[in-house]
Amino acid sequence: MQVNQVSRRRFLGGSVATTGALVVGFHVPLIPGQTQAQAPLAASPEVNAWVVVKPDDTVVIRIARSEMGQGTLTGLAQLVAEELECDWSKVTTEYPTPGQNLARKRVWGNFSTGGSRGIRDSHEYVRKGGAMARAMLVQAAADAWKVPASECRAAASVITHLPSGRTTRYGAVAAAAAKLEPPADVALKDPRDWKLAGQPLKRLDTLDKLNGAQVYGMDLKLPGLLNAAIKDCPVFGGTLKRFDAAAIAGRPGVKKVVRVGESAVAVVADTWWRAKTALDALPIEWDEGPHAKASSAEFATVLRAGLDASDAVVGHSVGDAKAALAAAARRIEAVFAYPHQNHATMETMNATARWTPQRCEVWTPTQNGEAALAAAAEAAGLKPAQCEVYKLHLGGGFGRRGAVHDWVRQAVAIAKELPGTPVKLIWSREEDMQHGRYHPVTMCKLSAGLDAQGRLTALHMRISGQSIVAGIFPQNIKDGRDPVVFQGLNAPGPEASIGYTVPNLLIDHAMRNPHVPPGFWRGVNLNQNAIYLECFLDEVAHATKQDPLALRRQLMARHPKHLAVLDAVAQRVGWDKPAPAGVHRGLAQTMGFGSYVAACAEVSVSREGKLKIHRIVAATDCGHAVNPQQIEAQVEGSFVYGLSAALYGECTVKNGRIEQANFDTYPVMRLDEMPKVETIVMPSGGFWGGVGEPTIAVAAPAVLNAIFAATGKRIRELPLRRHDLRTA
């Protein structure tokens, strides 16, 4: 295996000794515009971390990625500890702040935690950082013994001189190591030689969550803290006309009523409940704006027209699909639809802000500390260098706390009205549900062309619907194309590629953007694209009297990694053998976020139409498995999320506003509905894929295909709760 090398140009040229501790930095390649003279000051992003070795051998690994239940904090620490050869029982972690990152010329680089990139975009840098630290510690010991470093070995935070047997601890040589020049080159271990990485180690953050020590944003307490509740205009694009603050002025605990931006009003009080109940009693008049009559039915009409419109942008094309369809001996068509959905994090949006004319500080759960810092600075009217964001563990993220930080802007705007006083803003569940950044609404028309022998010769997928990138990063739309729309449908390659070879293929998108703001929702567009393609292929298989697995295998001959995970689930579930009486099966596979995934669902449907999902077998090839137990947990959790969306997830619009306000109208999957999940982790090596999102995408299509096998009914619009599954 080729050894990865680290050059002096790319990594920190100096080190810092503080109170006898060794602090080693490591970082991404030079930032565009950065000079070599600046490079020694830059050294470690969210994509990289600092290693601190204390005199008592405690190892502090600084993790810039956000922990939101996915286990990234532990996985990245494992990678650093693996190369560092430290004692895992003495490993702790901490977050650097985006303000520190800015002050040190973005030493930790990108703070974004999304797209299942926590480990796959960080692994090289954190491993090299651990290897650099180990080399410096060993060199310090060798210098003290006056022996060549090549005669020394490190293991479990102990350095041994092999010829003499002398030993010393990391903590004992940390101060000396900190004075050394970092090595110009370090070699990384072959993953086959891993001892800590690759093992199902217990998570580092579990105990604090169990004993209540973990502080989430809603738990935060500061001296003199006040609390705020907020209401934004219920119609997106509407504004606040007026409110009557005098009507609640005498209520207990109320400190101030604050206009927030053009569309919201907040009440500040000594407790959140007093703020919330006072806000509920506040007379408010809204200008609902141009979208006051908008509805989901109106959206559906616009999207349906887009299915045959001429203004589509091509995402992937092979051959001449339109000509092949026109010449086909037989055509099969189907139209699918996918609704708006809310992230529905257990912890609603919240932030605590303290503002003065010279300084603004924010404490908040965020998937992107840098974006939170930028939002805080803009709202504060201060330079970013005058602001700081202290990142807290997230009570759920799913993409909602990543690209958009509307709640941070609000918290700072409120705090500006009470200079020097910390104010904690917490969104009510209703505010959170009705002012989110929603999974985009789309439709898809699929047309298949078959030859006289029933072979698939052409496929056209026309997607009509919302663009997330147009809604959040419009500057990234080039020639009308949003590349994220085509997740799972791209040409063969390392990211979100289609797993089938069709001689004539056309996948295009007619962009249609309603006024409801879109957002990156866990799994993003891979979710609905997998439903569209996998369910339609099942229809093709049924129409041509082929076994769904056999048809897929024919089309996957040139896609061995896609096929490998599909074969793995088919073998585990016993696809070639009859299912238990009354149980029916469905398959699905896709590739996204760098990983290959497949699932087989086993379901039954009673004569009364009651669905029972008994079992799901899922396979994941993520290239390298840093912590198999965490991968299993992620897969299981992704099925909770994906099946909740398939069964219940739908946000509808009436009179311009989201109708669903809480979990009574936006239900999630319950414990007794959760199937048994069997996870096959099958890393093939050679690449790094994500695990937090890919398997969400195969949850719904596998179940939908199994429902057809059970009932003969094709469900082409979600959620399932809107459909009658009773058999005739």
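Throughout what follows, the structure given in this document is the object of discussion.

Cut-offs applied
Residues numbered from 1 in each chain as written. Predicted model: local features only at pLDDT ≥ 70, side-chain atom pairs only at ≥ 80, totals over all residues. Heavy atoms only, no water. Buried < 20%, exposed > 50% of the residue type's maximum accessible area, 1.4 Å probe, protein only. Helix = DSSP H or I, 4+ residues; strand = E, 2+ residues; numbered from the N terminus. Arc of directions from axis to C-beta. Contact = heavy atoms within 4.5 Å. Polar contact = N/O pair within 3.5 Å; in protein donor to acceptor, adjacent residues only side chain to side chain. Phe/Tyr/Trp six-rings, centres within 6.5 Å; stacked < 30°, edge-to-face > 60°. Lys NZ or Arg CZ within 6 Å of the ring centre and 35° of its normal. Pairing = 2+ DSSP bridges. Axes fitted to C-alpha atoms, helices over the stretch in contact; angles between N-to-C directions. Parallel < 35°, antiparallel > 145°, perpendicular 65-115°, else oblique. Nonpolar A, V, L, I, M, F, W, Y, C, P; charged D, E, K, R; others polar. Core = buried A, V, L, I, M, F, W, Y, C linked by side-chain atoms within 4.5 Å.

1. A few points about helix α14 (residues 548–555)
Next up, step 1: Those residues of α14 not exposed but buried are Pro-548, Leu-549, Leu-551, Arg-552 and Leu-555. Considered in projection along α14, the buried side chains sweep an arc of 160 degrees and stay on one side of the axis.
Next up, step 2: Where the residues of α14 are buried, they touch β21 (456–465), α13 (526–543), α15 (560–573), β23 (584–592) and α17 (696–711).
Next up, step 3: Put simply, Asp-547 is the residue that caps the front of α14, since its side-chain oxygen is 2.9 Å from the backbone nitrogen of Leu-549.

2. Focus: the packing of aromatic side chains
Next up, step 1: Per the counting criterion, the structure on display carries nine aromatic pairs.
Next up, step 2: Look at Trp-194 and Trp-688: their rings are 6.1 Å apart centre to centre, the planes differ by 50 degrees, and that puts the pair in the tilted class. Linking Trp-194 in the loop between α4 (170–177) and α5 (206–211) with Trp-688 in the loop between β28 (676–681) and α17, this pair joins segments that are 494 residues apart in sequence.
Next up, step 3: For Trp-194, a relative accessible area of 12% puts it in the buried group.
Next up, step 4: Relative accessible area serves as the criterion here: at 17%, Trp-688 is assigned to the buried category.
Next up, step 5: Each member of the aromatic cluster is reached from another via a ring pair, and the members are Phe-398, Trp-521 and Tyr-641.
Next up, step 6: When the ring centre of Tyr-641 is taken as reference, the NZ or CZ atom of Arg-522 above it lies at 5.7 Å.
Next up, step 7: Seen from the ring of Phe-708, Arg-714 lies directly overhead, with NZ or CZ sitting 3.5 Å from the centre.

3. What about the pairing of strand β11 (residues 254–260)?
Next up, step 1: Strand direction decides the pairing type here: β11 and strand β12 (residues 264–269), joined by six bridges, are antiparallel. Bridge pairing in β12 places Val-257 opposite Val-267.
Next up, step 2: Connecting the antiparallel pair β11 and β12 is a turn made up of three residues, with Gly-261 showing a positive phi of about 65 degrees.

4. So, the pairing of strand β20 (residues 442–450)
Strand residues, when the strand is regular, have side chains that alternate between the two faces of the sheet.
Next up, step 1: Among the nine residues in β20, nine count as buried, and that is most of the element.
Next up, step 2: Of the two faces of β20, the one lined by Thr-442, Cys-444, Leu-446, Ala-448 and Leu-450 and the one lined by Met-443, Lys-445, Ser-447 and Gly-449 are each fully buried.
Next up, step 3: Two elements, strand β15 (residues 330–338) and β20, share nine bridges in a ladder whose sense is antiparallel. Paired with Phe-336 across the bridge in β20 is Cys-444.
Next up, step 4: Judged from the nine bridges that link them, β20 and β21 form a sheet pairing that is antiparallel. If you follow Gly-449 over to β21, its bridge partner there is Ala-458.
Next up, step 5: The turn linking β20 back onto β21 is made up of five residues, and Gly-454 within it adopts a positive phi angle of 85 degrees.

5. A word on the environment of Glu-693
Next up, step 1: In this fold, Glu-693 is placed in the loop between β28 and α17.
Next up, step 2: What makes Glu-693 buried here is its relative accessible area of 9%.
Next up, step 3: Expressed as a C-alpha distance, the spacing of Glu-693 and Ser-116, which sit 577 residues apart in the sequence, is 6.2 Å.
Next up, step 4: Once you skip the residues sitting within four places of it in the chain, Glu-693 turns out to touch Gly-114, Gly-115, Ser-116, Arg-522, Gly-523, Val-524 and Phe-593.
Next up, step 5: A polar contact of 3.3 Å, which involves the side chain of Glu-693, links it to the backbone nitrogen of Gly-115.
Next up, step 6: One polar contact links the side chain of Glu-693 to the main-chain amide nitrogen of Ser-116, over a distance of 2.8 Å.

6. Details of the packing of helix α3 (residues 123–145) against α4
Next up, step 1: Relative orientation of the contacting elements α3 and α4 amounts to 90 degrees, with a least axis distance of 8 Å. Between α3 and α4, the angle falls in the class roughly perpendicular. Residues Arg-134, Met-136, Leu-137, Ala-140 and Ala-141 of α3 pack against Tyr-170, Val-173, Ala-174, Ala-176 and Ala-177 of α4.
Next up, step 2: Classifying every residue of the contact of α3 with α4 gives nine nonpolar, no polar and one charged.

7. Let's talk about the sheet that holds strand β24 (residues 595–605)
The strands that make up a sheet are held in pairs by hydrogen bonds between backbone atoms, and each pair lies either parallel or antiparallel.
Next up, step 1: Taken in spatial order, the four strands of this open sheet run β23-β24-β25-β28, and their pairing is mixed. Either end of the sheet is taken by a strand with one partner, and the two such strands are β23 and β28. Across the sheet, the mean angle separating the axes of adjacent strands is 15 degrees when strand polarity is ignored.
Next up, step 2: Pairing analysis gives six bridges linking strand β25 (residues 611–621) to β28, with the strands arranged parallel. Bridge pairing links Ala-618 to Thr-679 in β28.
Next up, step 3: Each of β23, β24, β25 and β28 is contacted by α15, which is oriented at about 135 degrees to β25, the strand it contacts most.

8. Here we look at the side chain of Thr-620
Next up, step 1: Counting through the fold element by element, Thr-620 comes out in strand β25.
Next up, step 2: Excluding residues within four positions of it along the chain, Thr-620 makes contact with Val-565, Tyr-596, Val-597, Val-635, Ile-680, Val-681, Met-682, Pro-683, Val-691 and Thr-695.

9. Looking at the nonpolar core
Next up, step 1: Counting 88 residues, the largest nonpolar core has Met-461, Phe-536, Leu-611, Phe-639, Val-703 and Leu-720 as the members making the most contacts within it.
Next up, step 2: Residues in contact with Leu-611, not counting those within four places in the same chain, are Val-603, Ser-604, Val-605, Leu-647, Val-703, Ile-707, Leu-720 and Leu-725.
Next up, step 3: Within the second largest apolar cluster, 40 residues are counted, among which are Val-126, Met-136, Leu-137 and Ala-141.

10. Focus: the sheet that holds strand β6 (residues 152–155)
Next up, step 1: Judged by pairing direction, the sheet is antiparallel, and its three strands sit side by side in the order β6-β7-β8 without closing on themselves. Because the sheet does not close on itself, it has two edges, and the strands there are β6 and β8 (167–169). Adjacent strand axes in the sheet meet at a mean angle of 20 degrees when their direction is disregarded.
Next up, step 2: Here three bridges tie strand β7 (residues 158–161) to β8, and the two strands are oriented antiparallel to one another. When the bridges of β8 are listed, Val-158 appears paired with Arg-169.
Next up, step 3: α3 contacts β6, β7 and β8 of the sheet and is inclined by roughly 45 degrees relative to β7.

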